[in-house]
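Here's the letter readout for the chains.
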Amino acid sequence: QAQSSPLAAQAIEHIQQLYDIETRVRGQPPDVRRDARQRQAAPVLTQLQGWLVQTLENISQKSALAGAIRYTLNRWEALTRYRDNGSLEIDNNAAERALRTVALGRKNYLFAGSDAGGHRAAALYTLIGTSKLNGFDPYAYLCSVLTHIPDHPINRIDDLFPWNLTEFSAPQHTRAA
């Protein structure tokens, strides 16, 4: 886009078709998303891959576009994995947004005290981000988990992850306004 490349614009058109499909299936159950992706996105992905290979053959191998195409083709399996798994997203934008607070405070987090402190901080960031992604207020979620964990069987600790909450539908504690 910065160089007004018509070839790059063509690639973006292919990618936009994939995102249009995602817009239509967003919020659907995983099996519905997978089926729609296999019917609708698979042909677009095949067309995009062919276009990438053909374009790479016809452009300067030293160009920025050639580098971007090689990067894409070298990661094709990972790029297309979402097509066959309705639980996966097309991109990692949600994870990037969840980590934004970590990136913004990076200088503050340099001094976690120790490697163990850094691991604990990472675990907490993961729980907080995951609770947000699953629609829970992080404070309420952590209060609820900490309340239930003493009586919870250790071999079923995964039940307390936000996506597995069945024992109690929502955290009982709420933060004061």
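Please refer to the structure placed before this passage.
Here's what I pulled together on the structure shown here. (Residues numbered from 1 in each chain as written. Predicted model: local features only at pLDDT ≥ 70, side-chain atom pairs only at ≥ 80, totals over all residues. Heavy atoms only, no water.)

Before going further, it helps to spend a moment on the pattern of salt bridges. With the rule as written, the count across this model stands at six salt bridges. A salt bridge links Asp-35 to Arg-34; the nearest nitrogen and oxygen atoms lie 3.2 Å apart. The exposure class assigned to Asp-35 is partly exposed, which follows from its relative accessible area of 33%. With a shortest N-O distance of 3.8 Å, Glu-77 and Arg-81 are connected by a salt bridge. Relative accessible area serves as the criterion here: at 61%, Glu-77 is assigned to the exposed category. Accessibility expressed as a relative area gives 44% for Arg-81, which makes it partly exposed. (Salt bridge = Lys/Arg side-chain N within 4 Å of Asp/Glu carboxyl O. Buried < 20%, exposed > 50% of the residue type's maximum accessible area, 1.4 Å probe, protein only.)

Moving on, we get to the packing of helix α6 (residues 115-133) against helix α7 (residues 138-148). Look at α6 against α7: their axes get within 9 Å of each other, and the N-to-C directions meet at 110°. Our classification of the angle between α6 and α7 gives roughly perpendicular. Handedness of the crossing formed by α6 with α7: right-handed. Every residue of α7 that contacts α6 at Leu-127, Ile-128, Ser-131 and Lys-132 is listed here: Pro-138, Tyr-141 and Leu-142. Each residue belonging to the contact of α6 with α7 can be placed in one class, and the counts come to five nonpolar, one polar and one charged. (Axes fitted to C-alpha atoms, helices over the stretch in contact; angles between N-to-C directions. Helix = DSSP H or I, 4+ residues; strand = E, 2+ residues; numbered from the N terminus. Parallel < 35°, antiparallel > 145°, perpendicular 65-115°, else oblique. Left-handed = near helix turned anticlockwise from the far one by under 90°. Contact = heavy atoms within 4.5 Å. Nonpolar A, V, L, I, M, F, W, Y, C, P; charged D, E, K, R; others polar.)

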